[in-house]
Each structure stands twice: as structure tokens, then as C-alpha cells.
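# Topology and contacts: notes
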Amino acid sequence: MNAPLKSGIAAADEYIERHYFSVHGMSSRFAAAVGAATMRIQSEHGIAGHFAEIGAFAGRYFIALSHALTGDEKAIGFDTFHWPSPKVKTKLEENIAKYGAPGRSIVVAADSLKLSAKDLVALAPGKKVRFFHVDGEHTPEHLSNDLALATHTLHERGVICLDDMLHAGYPTLPVTVHEFLKCEPSLRVFCVIDREDIAAQTKYMICREPMFDFYIEQLIGAFPDNVWPLGADFRYDKKALVLSPDPKLPNFDDLL
Ligand SMILES: C[S@@+](CC[C@H](N)C(=O)[O-])C[C@H]1O[C@@H](n2cnc3c(N)ncnc32)[C@H](O)[C@@H]1O
């Protein structure tokens, strides 16, 4: 396996390189590096806030991004912890103690459908969420609910990251996303993080429209060799960024 790309945060990169596959989970290493780099960029530009995740599971992605926090920022992880058994909550806590940032991690057993923005903010008052990873139940009802929760707790310059977009097993998930975005026109998908394999899938990253160019430019600077040159057409006036672990284009020069 190729060495993972670097986020630029030493603790996150060490975890992603050495321990990522010791922790059960589904997000790709590439997406972890891109997520942590996005949080590094936020810190460098004065965007402070918590990291939150719906669907923390055993902590694979949660731990990576918790290493990108600074100051009194918290990593807040929600899960029902029913699947594949209640043992997964203990496993998450053990993994945080072993590989993560226990002092800044808050683990909550909760059904996201029953969570309000007020509940979330009360867990770590004084700051909003600057990076919200939505990776819970994949029904339209859950995804719409989780997107609304993320939107209502998001820092105005923050990022919502959605897992399992364009997944062969969940082909209608993006339909729910587009329906949601129609009602929240100031939100835009600024980046598609391409999949690594069927178990480590594509993510969308979303921000408010005034931050669209900022995040694209910053991520191109961070991952210049991973930019897929054609971009993603969400029917905006400008294409969104596509970052891929393998950004190849077929070569048809022999037909010219
Ligand atoms: C695919 S796993 C998450 C993987 C993890 N985010 C990672 O990157 O490794 C999906 C998780 O969502 C959780 N989940 C499902 N429905 C939920 C709900 N209504 N509220 C909170 N978590 C939920 C499941 O228990 C499961 O642990």
C-alpha cells in the first residue's frame, strides 16, 4: 500500500500512517489526510471550533481529526453504538485512550434523530463546530436530519463532510443532499474526495458560498498532485474541486 498523504499536522499524520488500520472503521486514509489538512488550514486562518461526527463507530476517522484540534476545542462523537454490538462503544473509548486525544474527546451514545442543535452546543459551550463529519444511518430521513443538525451548529466559515456519496450501495444518498441544498442555497459542495475502494468511499465537503474559493485554493495548494483536472460539475458558476488518490485521465493523444 502507498504511504498516506500528509495533512501537515504531525500527530494526525503519525496516527494515519501507523495506527489507522488498527482501529475499525470505513473512511479512507486519503479522506482522513484531506480532512485533517482542512482543519489545519482552518486553524491557520483563525477558524476555531469543535470537530463533531455522527457515526463515530470505533473511532477510525474521529481519532484522525481529533488530532487536528487546538486550544480548548473538542472532538464530539455520536453513535447509537448498537452495531455490530454494544461492544463498539468500549472499543471507541479504548481506541481514543490508546491512539487519540482523550482530554478533548466527548463520546455520546445517542440517536441523531433525537439530538437537537441545542443539545450538541451544550456539550462544549462557547464554540460552534468547524468540521462536522456526517456518517450515520443512510436513510433520507436520517441524512436530512443530520445535515440540518450540522448546518445549525456550523461555524459560518466551517465545513460539513458527508460520507458515502456516490457509493454503489447507496445510490440515492446524493439525491437527499441535493434536495437539502435546494433549501439551503448558501451552502455549496466545494470538494469531492474520491473513493479509495468500496469500503472507503467518496466524501463531499460543503461550506457557505463565500468560503467556496478559499477552500478550493487552499486544498489545491495542500494536494497539488491529487487534483483531478476536470473538476466536479454541481451546476454552479464554477466547478468544485475533485481530489483523488489517483487522479488519472485517459490519454487519447493517438486519436489526434
Ligand atoms: C459506517 S459507520 C461509521 C464509520 C466511521 N465514521 C469511520 O469513518 O470509520 C456508521 C455508524 O453510524 C451509526 N449510526 C447509525 N444510525 C445512527 C443514528 N441514528 N444516530 C447516530 N449514529 C448512528 C452506526 O451505529 C455506525 O457506527
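Relevant structure appears above.
Below is a summary of the structure that appears in this document. (Residues numbered from 1 in each chain as written. Predicted model: local features only at pLDDT ≥ 70, side-chain atom pairs only at ≥ 80, totals over all residues. Heavy atoms only, no water.)

Right, let's get into the overall build of the protein. Along its length, the protein carries 8 helices and 8 strands. The C-alpha radius of gyration of the protein comes to 17 Å, within 12% of the 18 Å expected for a compact globule of 256 residues. Distance between charge centroids for the protein: 4 Å, based on 26 positive and 33 negative side chains. (Helix = DSSP H or I, 4+ residues; strand = E, 2+ residues; numbered from the N terminus. Rg over C-alpha atoms; globule rule 2.2 N^0.38 Å. Lys, Arg positive; Asp, Glu negative; His and termini not counted. Charge placed at Lys NZ, Arg CZ, Asp CG, Glu CD.)

Evaluation of the coordinates by the stated rule reveals 13 salt bridges. Note that Lys-238 and Asp-213 form a salt bridge whose closest N and O atoms lie 2.9 Å from each other. Of this pair, Lys-238 sits in the loop between helix 8 (212-222) and strand 8 (241-243) while Asp-213 sits in helix 8, and the two are 25 residues apart along the sequence. Residue classification places Asp-213 among the partly exposed residues on the basis of a relative accessible area of 36%. (Salt bridge = Lys/Arg side-chain N within 4 Å of Asp/Glu carboxyl O. Buried < 20%, exposed > 50% of the residue type's maximum accessible area, 1.4 Å probe, protein only.)

Looking now at the site of the ligand. For the ligand, the set of nearby residues contains 18 residues, the closest of which are Met-26, Ser-27, Gly-55, Asp-79 and Asp-135. Within the contact set of the ligand, an oxygen atom lies 2.6 Å away from a side-chain nitrogen or oxygen of Ser-27. Side-chain polar atom of Asp-79 to an oxygen atom of the ligand: 2.6 Å apart, as the coordinates give it. Coverage of the ligand by the protein chains reaches 92% of its 610 Å² of free accessible surface. Within the shell around the ligand, the residues separate by chemical class into 5 nonpolar, 7 polar and 6 charged. (Near = heavy atom within 4 Å. Polar contact = N/O pair within 3.5 Å; in protein donor to acceptor, adjacent residues only side chain to side chain. Areas by Shrake-Rupley, 256 points an atom, 1.4 Å probe, with all protein chains shown as cover. Nonpolar A, V, L, I, M, F, W, Y, C, P; charged D, E, K, R; others polar.)

Here Trp-83 and Pro-84 are connected by a cis peptide whose omega angle stands at -5 degrees. You can see Pro-84 is positioned in the loop between strand 2 (75-79) and helix 4 (87-99). The phi angle at Asp-164 is positive, at roughly 65 degrees, despite the residue not being glycine. With respect to the helices and strands, the residue Asp-164 is situated in the loop between strand 5 (154-162) and helix 7 (173-183). Note on Asp-164: relative accessible area 10%, which makes it buried. Phi at Leu-166 is positive, roughly 60 degrees, even though this residue is not glycine.

Now for the side chain of His-67. With respect to the helices, strands and loops of the structure, His-67 is situated in the loop between helix 3 (60-66) and strand 2. Reaching out from His-67, the side chain makes a polar contact with the backbone oxygen of Tyr-99 at a distance of 2.8 Å. Setting aside anything within four residues of it in sequence, one finds His-67 in contact with Ile-9, Ala-11, Ala-12, Tyr-15, Tyr-99, Gly-100 and Ala-101. (Contact = heavy atoms within 4.5 Å.)

Moving on: the pairing of strand 5. Burial analysis of strand 5 places 7 of its 9 residues in the buried class, which makes it a mostly covered element. Of the pairings in the sheet, the one linking strand 4 (residues 129-134) to strand 5 comprises 5 bridges and is parallel in character. Across the sheet, the residue bridging to Val-134 is Leu-162, located in strand 5. Bridge count for strand 5 against strand 7 (residues 203-208) is 3 bridges, and the pairing is antiparallel. From the neighbouring strand, Cys-161 faces strand 7, where its bridge partner is Met-205. (Pairing = 2+ DSSP bridges.)

Moving on, we get to the packing of helix 1 (residues 10-18) against helix 2 (residues 29-44). At a minimum axis separation of 10 Å, helix 1 and helix 2 run at an interaxial angle of 180 degrees. The orientation of helix 1 with respect to helix 2, classified from their angle, is roughly antiparallel. When helix 1 is examined against helix 2, the residues Ala-12, Ile-16 and Glu-17 are found in contact with a partner set consisting of Arg-29, Ala-32, Ala-33 and Ala-36. Each residue belonging to the contact of helix 1 with helix 2 can be placed in one class, and the counts come to 5 nonpolar, no polar and 2 charged. (Axes fitted to C-alpha atoms, helices over the stretch in contact; angles between N-to-C directions. Parallel < 35°, antiparallel > 145°, perpendicular 65-115°, else oblique.)

With mixed pairing, 8 strands are arranged side by side in an open sheet as 3-2-1-4-5-7-6-8. Each having just a single partner strand, strand 3 (105-109) and strand 8 make up the two edges of the open sheet. Strand-to-strand, the axes of this sheet are offset by a mean angle of 20 degrees, without reference to chain direction. Sheet analysis places strand 1 (residues 50-54) next to strand 4, joined by 5 bridges and oriented parallel. From the neighbouring strand, Glu-53 faces strand 4, where its bridge partner is His-133. In this fold helix 7 packs onto strand 5, strand 6 (187-193) and strand 7, with an angle of close to 5 degrees to the strand it touches most, strand 7. The sheet contacts of helix 8 involve strand 5, strand 6, strand 7 and strand 8, and relative to strand 6 the element is tilted by about 15 degrees.

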